[in-house]
Amino acid sequence: MNLQTATSANRVQPFDCRHFINGRYFASESGKTFDNMNPATKEVIGKVSEGGKKEIDLAVAAARRALNGRWKNMTGDDRIRIIRKIGDIILERKDELAKLETLDTGKPLSLSSTMDIPRAAFNFHFFADFMRGVGTEAYQTDDIAINYAIRRPVGVVGLINPWNLPLLLLTWKLAPCLAAGNTAVIKPAELTPLTATLLGEICQEAGLPDGVVNIVHGFGPESAGSALSEHPDVDAISFTGETTTGKIIMEAASKTLKKLSFELGGKNPNIIFADADIDEAVETTLKSSFVNQGEVCMCGSRIYVEREAYDEFLDAFISKTKELRVGDPFDPETNIGALISAEHTERVMNYITLAKKEGGDIVIGGGRPEGLESGCYLEPTIITGISRSSRVVKEEIFGPVVTVIPFDDEDEVIAQANDTHYGLSATVWTNDLRRAHRVAGQIEAGMVWVNTWFLRDLRTPFGGMKQSGLGREGGMHSFEFFSELSNICIKL
């Protein structure tokens, strides 16, 4: 399926996104479609087939057949070659995929080209290589018995993906899913269907048997998402997205006791002690606050600065934020593109209005950039003087909006950092080695970075605690989810 890409700036000719089931593309049986919008211009760039229970049933049946077909009998080496080839083709088509990702999300093309698409390819390369070293356990019980475990695919897996990093996070799930021998039914976010649609063609070109990967477009509640979550022949669901949606999926999946892996929302603390390298902290905080328009679940949107360094940090942070350029995602000078939709932009703006009502000071930003009214743009925004119990501090905003709050001692900031029902990630800035270990070990988060942010080793556990997630992904943690273990006991 040849999706047309950008012909000039951020304009394209309309094209359709259809379902990819059992190796072919087709429209919904009902004929229903919905509009796909470019958030940078609010222009409709194509139609998307709206799937429901019928399409999910077809996709799950295709995945079940493929699970017990040629895919099951392939050698590990053959499977590895296909998985690596998918990554290779993604790199070969990097420019095309990056343009599609930027059209769908509004993010700068420079970000799509340097992070999203290369990381998507690397996910396949990493798990293809990692698969070679995956082993299981064995125990000898004196001279009585030998126990050993064998690993098998969990089965048909539903992958439900978010709109902020569409291809990157889809491949983060799909690569280990395939490496473990499963088949998949993918439900992309309805706001970002383009790269997921093209991925079907890429998988086919790489030699993946028909039915191993299936893609159904549509909405969540009472549509494709719910049909996938509660389907009796789906063995597991891996979901990345908003916490409330995760709860809905969990309830639907409970009817058949599916295996679940969730990476959900975050309201992540960024703790800066006075002994930190302030210049480095400012540079990295600029990224952790505003990269991808702040639409990253690991963004450090709650910034706590030790009072001794508060003024120095805030002045430098404001100065660097003023240098950021908001604008056309296809302009190489753009740092911050458009938010995902008009509805989401309005939601983020409502939090800025709320901050003002709660006594906060908008020290920079807080509005729509001049000359960009036709798109879903918002200025990077820094809020000070806000109460620690404010909704703006407590709730996930998922936009280019951060709060900066002073603190006086270690115990105080640890208490503030943990005062949330989220627990995804955190960042600690200090040059005191003992303090780094001490504070990091007390923060209730699945991932803690010290003197850096979003520095990833794909072997490490990735995920959150509290209402930020369920389970872990990455390396062996992904294989544990996407496989089942059987212990075999041999009496000697």
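From a predicted model like this one, the values you see are computed outputs, not experimental measurements.

**Q** What's the story with the pattern of salt bridges in this structure? I'm lost.
**A** Any two side chains of opposite charge can pair, on the condition that their charged atoms come close. According to the stated counting rule, one finds 28 salt bridges in the structure shown. Asp408 is paired through a salt bridge with Arg307; the nearest N and O atoms lie 2.7 Å apart. One end of the pair, Asp408, is in the loop between β17 (401-407) and α14 (410-417); the other, Arg307, is in helix α11 (residues 307-322), with 101 residues separating them in the sequence. Note that Asp457 is salt-bridged to Arg459, the shortest N-O span being 2.6 Å. By sharing partners, the salt bridges in this structure join Arg93, Glu96, Glu201 and Glu205 into a single network.

**Q** Explanation requested: the sheet that holds strand β4 (residues 33-38) in the structure shown.
**A** In sheet architecture, strand pairing relies on hydrogen bonds along the backbone and comes in two forms, parallel and antiparallel. Reading across the sheet, the three strands line up as β1-β5-β4 and stay open at both edges, with mixed pairing between neighbours. Looking at which strands have only one partner, the edges of the open sheet turn out to be β1 (15-17) and β4. The sheet shows a mean angle of 35° between the axes of neighbouring strands, taken without regard to direction. One ladder, built from three bridges, connects β1 with strand β5 (residues 43-49); its direction is parallel. Looking at the pairing, Asp16 lines up with Lys47 of β5.

**Q** Looking at this structure, how should I read the UniProt feature "active site" (unreviewed entry) in the chain?
**A** Following the UniProt record, the feature "active site" (unreviewed entry) maps to Glu263 here. Along the chain, Glu263 turns up in strand β12 (residues 259-263). Ignoring any residue separated from it by four or fewer positions in sequence, one finds Glu263 in contact with Phe239, Thr240, Gly241, Cys297, Leu424, Phe462, Ser468 and Glu473.

**Q** Please clarify how a negative patch on the surface should be interpreted in this entry.
**A** Among the surface-exposed residues, Asp277, Asp279, Glu280, Asp311, Glu312 and Asp315 lie close enough to one another that they form a single negatively charged patch. Where the negative patch is concerned, the elements lending two or more residues are α10 (278-290) and α11. It is α11 that contributes the most residues to the negative patch, three residues altogether. By the secondary structure assignment, Asp279 is in helix α10.

**Q** Explain the sheet that holds strand β13 (residues 269-272) to me, please; I cannot follow it from the model alone.
**A** One open sheet accounts for seven strands, arranged β15-β16-β17-β14-β13-β18-β19; its pairing is mixed. The outermost strands of the open sheet, each flanked by one partner alone, are β15 (361-364) and β19 (447-450). For this sheet, the mean inter-axis angle between neighbouring strands, taken without regard to orientation, is 25°. Its contacts with the sheet put α11 on β13, β14 (302-306), β15, β16 (381-384) and β17, and the angle it makes with β14 is roughly 135°.

**Q** Any chance you could explain the environment of Ile340 here in plain terms?
**A** Within the secondary structure, Ile340 sits in the loop between α11 and α12 (342-357). Accessibility expressed as a relative area gives 2% for Ile340, which makes it buried. Sequence spacing of Ile340 and Glu373 is 33 residues, and the spatial spacing of their C-alpha atoms is 14 Å. Residues within four places of Ile340 in sequence aside, it is in contact with Met37, Pro39, Asp104, Thr105, Trp163, Leu191, Thr192 and Glu295.

Rules behind the numbers
- Residues numbered from 1 in each chain as written.
- Predicted model: local features only at pLDDT ≥ 70, side-chain atom pairs only at ≥ 80, totals over all residues.
- Heavy atoms only, no water.
- Salt bridge = Lys/Arg side-chain N within 4 Å of Asp/Glu carboxyl O.
- Helix = DSSP H or I, 4+ residues; strand = E, 2+ residues; numbered from the N terminus.
- Pairing = 2+ DSSP bridges.
- Axes fitted to C-alpha atoms, helices over the stretch in contact; angles between N-to-C directions.
- UniProt positions renumbered as here; feature names shortened; annotations may be inferred.
- Contact = heavy atoms within 4.5 Å.
- Patch = residues over 30% accessible without salt bridge, like charges linked within 9 Å, V, L, I, M, F, W, Y side chains within 5 Å.
- Areas by Shrake-Rupley, 256 points an atom, 1.4 Å probe, with all protein chains shown as cover.
- Lys, Arg positive; Asp, Glu negative; His and termini not counted.
- Charge placed at Lys NZ, Arg CZ, Asp CG, Glu CD.
- Buried < 20%, exposed > 50% of the residue type's maximum accessible area, 1.4 Å probe, protein only.

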